[in-house]
Amino acid sequence: MKVGIIGLPQVGKTTIFSLLTGLEVEPYSTAHQKGVAKVFDKRVKILSEMYQPKKTIYATLEFYDTPPLIPNDQKSRSQVFNMVQNADALLLVLRAFKNDSVPFPEKGETAYKQLKITLDEFIFRDLEVVTNRIEKLENAKRKLENREENELKVLKQMREFLENEDFLSRHREDFSEDQLKLVSSYSLVTLKPVVIAVNLDENQFVEKDYESKNDVSKLVNNYNFAYIELCGLMEKEIQELPEEEREEFLKDLGITESGIERLSKIMYSQLGLISFFTVGKDEVRAWTLKKGSTAVEAAGVIHSDLARGFIKAEIMKYDDLVSLGSEKEVKEKGLMKLVGKEHVIEDGDIITIRFNV
Ligand SMILES: Nc1nc2c(ncn2[C@@H]2O[C@H](COP(=O)(O)OP(=O)(O)O)[C@@H](O)[C@H]2O)c(=O)[nH]1
Ligand SMILES: [Mg+2]
């Protein structure tokens, strides 16, 4: 899964990118890049302590740091949106932290203003793409194919929403899956899942408040965005501490989970993802799956051979294993289940695939 980090200049995009991926990027750097972030999941650690495997592997998300989005700047707009074309979701960073040595983001004195400015950029970009395509189809000097006629209808409906400064994701239900497929190649930004990350300073973080928070919350609810408050710079410093000291620091701040952990969870729920696990002496590993996927699809995530030669899957629940203490106990209680291809996998399932190729 790919996530594009997006926002106005100097809001903390690169700081959060570094926090998530552990990659160092020069401050004020405009270089954009991609990196992989471990999806922190306490369950993996606990399973690893139980099985003492040679390798412990976390699930990952891929992040792209993008150049600053500069309002009303065509070049910046196309640069940024080209970069996030293949992103499955967007992490939109807003700046609340005060720091006189870092210039304020473009005309965005408050997080709310930045949010409005950025969303307008999203809408404008989609409007441009949709309008171009409509014109191209309408000016075609030939009879349109059925598919194109349908596409034109969808695009015109979308244009109307966008002209009303609305996000397409709020009107998903107005379109069928087939209709959305017709426009999928345009990678419309206002259709992508969005997570709003407000970057706070330490005081704001402890107070759980910042200027314009009410307005931000209203808009976030209205648009069905996911929402998180982070303290990018400080969390990065905490992340660099030895693990034992980390928990202590977090506790002082009154939180039990690091920003990365909270963000991972939000990303998963916003993207409709779940985790399943494989365990053993060699390896304990977390895998990522779309909610609603079946046992054979989970097998395919591990290896295509496992899907091809799938016979049965053996499943136990993470919670059962941890509360009972061993696989043996789980089996004795009859909680180890043997399931077929079409069985729907749930978050926290521990899976062993029986296969034959
Ligand atoms: N005080 C404070 N400064 C921050 C925070 N996050 C980022 N900065 C600083 O703001 C400047 C711009 O950050 P950067 O991540 O490069 O912003 P970008 O332009 O959005 O990528 C850098 O000097 C950071 O150290 C924060 O949470 N608190
Ligand atoms: Mg940057």
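The structure displayed is predicted, hence computed values, not measured ones.

Here is what the cut-offs are and how they apply
Residues numbered from 1 in each chain as written. Chains lettered and ligands numbered in written order. Predicted model: local features only at pLDDT ≥ 70, side-chain atom pairs only at ≥ 80, totals over all residues. Heavy atoms only, no water. Helix = DSSP H or I, 4+ residues; strand = E, 2+ residues; numbered from the N terminus. Rg over C-alpha atoms; globule rule 2.2 N^0.38 Å. Buried < 20%, exposed > 50% of the residue type's maximum accessible area, 1.4 Å probe, protein only. Contact = heavy atoms within 4.5 Å. Areas by Shrake-Rupley, 256 points an atom, 1.4 Å probe, with all protein chains shown as cover. Lys, Arg positive; Asp, Glu negative; His and termini not counted. Charge placed at Lys NZ, Arg CZ, Asp CG, Glu CD. Domains from an automatic or database assignment. Buried area = accessible area lost by both parts, 1.4 Å probe. Salt bridge = Lys/Arg side-chain N within 4 Å of Asp/Glu carboxyl O. Nonpolar A, V, L, I, M, F, W, Y, C, P; charged D, E, K, R; others polar. Patch = residues over 30% accessible without salt bridge, like charges linked within 9 Å, V, L, I, M, F, W, Y side chains within 5 Å. Core = buried A, V, L, I, M, F, W, Y, C linked by side-chain atoms within 4.5 Å.

Caption draft 1: Structural context of the overall build of the protein chain. Of regular secondary structure, the protein chain possesses 15 helices and twelve strands. The C-alpha atoms of the protein chain give 23 Å as radius of gyration, which agrees with the globular expectation for 357 residues (21 Å, within 12%). Along the three orthogonal principal directions, the C-alpha set of the protein chain runs to about 65 × 60 × 35 Å. Within the span of the protein chain, comprising 357 residues, buried residues form 50% of the whole. Excluding contacts between residues fewer than 6 apart, the proportion of contacts in the protein chain whose partners are at least 24 apart in sequence is 71%. When the accessible surface of the protein chain is summed, it comes to about 18,400 Å², and 48% of that surface belongs to carbon and sulfur atoms. Each charge sign in the protein chain was given a centre, from 51 positive and 61 negative side chains, and these centres are 5 Å apart.

Caption draft 2: Expanded view of the domain arrangement of the protein chain. Looking at the protein chain, the domain boundaries give domain 1 (2-269) and domain 2 (292-355). At the interface, five residues of domain 1 touch ten residues of domain 2. The largest share of the area that domain 1 buries against domain 2 comes from Arg43, Met50 and Tyr51, three residues that together contribute 72% of it. Inspection of the domain 1/domain 2 interface yields one salt bridge. Arginine 43 is the salt-bridge partner of aspartate 347, the closest N and O atoms lying 3.1 Å from each other. In the side of domain 1 that touches domain 2, the residues fall into four nonpolar, no polar and one charged.

Caption draft 3: Spatial organisation of a nonpolar patch on the surface. A contiguous nonpolar patch, built from Ile46, Met50 and Val322 and spanning about 200 Å² of accessible area, is present on the exposed surface. By secondary structure assignment, the location of methionine 50 is in helix α2 (residues 42-51). Owing to a relative accessible area of 31%, methionine 50 belongs among the partly exposed residues under this scheme.

Caption draft 4: Inspection of the nonpolar core at higher detail. Formed by 53 residues in total, the largest nonpolar core has its most connected members in Leu92, Leu115, Phe122, Met158, Leu188, Ile196 and Phe225. Elements that contribute at least two residues to this core include exactly α3 (74-83), β5 (89-95), α4 (111-138), α5 (146-163), α6 (177-182), β6 (194-199), α8 (213-223) and α9 (232-239). At nine residues, α4 tops the list of elements feeding residues into this core. Excluding residues that lie within four positions of it along the chain, isoleucine 196 makes contacts with Leu92, Leu94, Leu115, Val220, Phe225, Ala226, Tyr227 and Ile228.

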